[in-house]
Amino acid sequence: MHKFFFLLMLICPQFSNGQKTIVKTEPSNIVLLKEAISYLSSDSLGGRLTGTQGETLAANYIESKYKTIGLSTYKSSKYTWDFSFKDGKRIATKAYFKVFDKNLAIGSDIILMPYGNSNKFKGAALPNVDEPDNVWLVSMKQLNTDVTNTPFKILYEKAADCIKKGASGVVFFNDIDAKHDINLLNHPKFETLDASVVVMNHKAYLNYLKPNIKKDWIEIEGQLGYEDADVHGKNVVGFINNQAPYTMMLCADYDHLGTNTQVYHGANNNASGVASLIALAELIKNSGLRNYNFLFVAFSGSEFKDQGALAFLRDNSKFMDNFNCVIDLNMLGRFNKTTKALYVSGIGTSPSWSMALQKHNTQFNLRVDSAGIGYGAYSLFYKKNLPVLSVSTGYETDFSKPNDDVSKINFTAQADINQYLFKVISEIDRLPKLAFLTTNNMVEKLESLKNDIGIIPDVTFEEDGIRVAACLTNKLAFKAGIEPDDVILQIAEFSILDLDDYCKAMNKLSKGREVPITVRRGKSEFRFFVAL
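What counts and what doesn't
- Residues numbered from 1 in each chain as written.
- Predicted model: local features only at pLDDT ≥ 70, side-chain atom pairs only at ≥ 80, totals over all residues.
- Heavy atoms only, no water.
- Helix = DSSP H or I, 4+ residues; strand = E, 2+ residues; numbered from the N terminus.
- Buried < 20%, exposed > 50% of the residue type's maximum accessible area, 1.4 Å probe, protein only.
- Contact = heavy atoms within 4.5 Å.
- Areas by Shrake-Rupley, 256 points an atom, 1.4 Å probe, with all protein chains shown as cover.
- Lys, Arg positive; Asp, Glu negative; His and termini not counted.
- Charge placed at Lys NZ, Arg CZ, Asp CG, Glu CD.
- 1 Å grid on protein atoms, 1.4 Å probe; cavity = no way out; pocket = protein on both sides within 12 Å on 5 of 7 lines; lining within 4 Å.
- Points joined across faces, edges and corners; volume = space filled by probe spheres on them.
- Nonpolar A, V, L, I, M, F, W, Y, C, P; charged D, E, K, R; others polar.
- Expected span 1.5 Å × (residues − 1).
- Arc of directions from axis to C-beta.
- Pairing = 2+ DSSP bridges.
- Axes fitted to C-alpha atoms, helices over the stretch in contact; angles between N-to-C directions.
- Parallel < 35°, antiparallel > 145°, perpendicular 65-115°, else oblique.
- Left-handed = near helix turned anticlockwise from the far one by under 90°.

Asks: I would appreciate a short explanation of the overall build of the chain in the present structure.
Replies: Along the chain, the regular secondary structure elements total 13 helices and 22 strands. Along the first, second and third principal axes, the C-alpha atoms of the chain reach 85 × 80 × 55 Å. Burial status across the chain gives 54% buried among its 532 residues. Counting contacts in the chain only where the partners sit at least 6 residues apart, residues at least 24 apart contribute 78% of the total. Carbon and sulfur atoms form 49% of the exposed surface of the chain, whose accessible area is close to 24900 Å². For the chain, the distance from the average position of its 59 positive side-chain charges to the average position of its 58 negative side-chain charges is 4 Å.

Asks: Please clarify how empty space enclosed by the protein should be interpreted in this entry.
Replies: A probe as big as a water molecule, rolled over the atoms, marks out the empty space that is left. Tallying each qualifying case throughout the model produces two cavities of 30 Å³ or more. Among the elements that line the lining of the largest cavity, the one with the most residues is strand 8 (residues 196-200), at three residues. Of the residues belonging to the lining of the largest cavity, the class tally is six nonpolar, four polar and no charged. One number sums up the size of the second largest cavity: a volume of about 30 Å³. Considering the residues around the second largest cavity, the lining is formed by Leu-250, Leu-280, Ile-327, Leu-329, Leu-389, Val-391, Leu-421, Val-424 and Ile-425. Among the elements of the structure, strand 13 (323-329), strand 16 (388-392) and helix 10 (411-429) are those that each provide at least two residues to the lining of the second largest cavity. Ranked by residue count, the leading element in the lining of the second largest cavity is helix 10, at three residues.

Asks: Mind showing me how you'd approach helix 4 (residues 151-164) here?
Replies: For an α-helix, 3.6 residues make a turn, and residues three or four places apart therefore share a direction. In this model, helix 4 (14 residues) spans 20 Å end to end at C-alpha, consistent with the 20 Å of a helix rising 1.5 Å per residue. If you check which residues of helix 4 are buried, you get Pro-151, Phe-152, Leu-155, Tyr-156, Ala-159, Cys-162 and Ile-163. The arc that holds the buried residues of helix 4, viewed along the axis, is 130°, so those residues lie on one side. As for helix 4, its buried residues are in contact with strand 6 (135-139), strand 7 (169-173), strand 8 and helix 12 (476-480). After helix 4 finishes, the residue Gly-166 shows a positive phi value of roughly 115°.

Asks: Just checking my understanding: could you explain the sheet that holds strand 9 (residues 218-223) for this structure?
Replies: Working definition: the strands of a sheet are paired by backbone hydrogen bonds and lie parallel or antiparallel to each other. On the basis of which strands lie adjacent, the open sheet formed by four strands has the order 3-2-9-5 and antiparallel pairing. At either end of the open sheet lies a strand with only one pairing partner, and these are strand 3 (102-103) and strand 5 (120-125). Bridge count for strand 5 against strand 9 is six bridges, and the pairing is antiparallel. Looking at the pairing, Ala-124 lines up with Glu-219 of strand 9.

Asks: Help me understand the pairing of strand 6, please; the structure alone is not making it clear to me.
Replies: Remember that side chains alternate between the two faces of the sheet whenever the strand is regular. In terms of burial, strand 6 is largely enclosed, as five of its five residues are buried. Of the two faces of strand 6, the one carrying Val-135, Leu-137 and Ser-139 and the one carrying Trp-136 and Val-138 are both buried.

Asks: Just checking my understanding: could you explain the packing of helix 6 (residues 267-287) against helix 10 for this structure?
Replies: Any two packed helices are characterised by the angle at which their axes cross and by the distance between the axes. One can describe the packing of helix 6 onto helix 10 by two numbers: an axis separation of 10 Å at closest approach and a directional angle of 50°. On the basis of their axis angle, the class for helix 6 and helix 10 is oblique. The way helix 6 lies across helix 10 gives a crossing that is right-handed. Each of Ser-272, Ala-275, Ser-276, Ala-279, Leu-280, Leu-283, Ile-284 and Ser-287 in helix 6 lies in contact with helix 10, whose residues at this interface are Gln-414, Asn-418, Gln-419, Leu-421, Phe-422 and Ile-425. Split by residue class, the contact of helix 6 with helix 10 holds eight nonpolar, six polar and no charged.

Function-wise, these values are silent; they only describe arrangement.
Written as structure tokens, this is what we have:
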């Protein structure tokens, strides 16, 4: 008998102390969020740029989730709704670049500058040897592009000067470091030059150019340029048909910036929104909400001026009167536990929104904006006289940067936000069709300014000044060193108390003028300079 109990304790050690082994499992809603955001923001999807294989893989994943939940298709036999548009930014299919017959990867090793032409060029070149009718190699270190906030302007002016003096093509090489690699996100517009211009990024310089510097010459050959192309994208649409007269729509953008020397993962922007779209679809499907139909749309084409949302509106132009409202899910993964801020835009587009939001709010500091027009596709639905609501945890310093990755997502808080939004939706489900109200839309004024320093202002900020929600990559504010959360207090001679003051300054200042911008950062003030 003693031997029996001894063996039992060896096989089942929990009996030795009289306690059961407890295996902790995460709630299913958090598991869903982790799986969706991890997959959609993975390297294998390459940044989900519209028209790429990564977008297709993302669309297939979303469709599979719709099917698992039990959503039906909507006005089609397919979940995916295809659309296409013209875009002139795609690299030509026949483009190539070689150093001593070794092909370099265009888009990562070699960046085509959009102001160069697509001429084929070939040369035997060396740095600082500037022969007419030959390719010129130009060091970025010698141009001091690492100590300026206007590298694009410096590169353009140098390229124009080289071509004027007889260069058949210009190759800038990054002999500084990888931090100063060039990408074309938000590249300013310049007039087209008469020869091809490229930038060789740092890794390619180390691998292909630097080892050959001591040779008599470096053979370079290329055929470069862009071509007009039909870009094909797909929206992913799922439906809960309750045979109701009106439909409530939830949407989120699922495409992102693709790969531009690095993968732009887009975990928060906006894999998180898509994950919440899927989670809410599951909650609503299992809840028994019956007074409205529910439509779930994952849009592509957001990085191409909302081409997916525009296509959806065209396809449904005859059915807009059947929609009750639109709820946009945009960057929900980075809840700040200190500020507890949840940003809600569009609250003024219907008198019912405020009641529903306040009634069920027990844990969030709601930062509200009444406007129906903001930074997202929901604005297009507001223009169709639909009540809209856009919900976000706000912009982060890695907005539209490669390091927006899954490791930074606050999954527990996002699951709480989903539960809160479900309660709001349940409240709206008990109401008759929402009344629509027009709103005062500051973003329309911001988008029509004479000057643009490249910030997204926090339109919910209530203190003096303009809080910077985000700085757009490669734009003036970004290059000058202004950061998210800075509060702009002064621009040149203009004191900035609110967005109206900001608009006044941007419209009255002369283009080309260098102006100081004073910001408050924490408890200190700093001054930066930008050339408008």
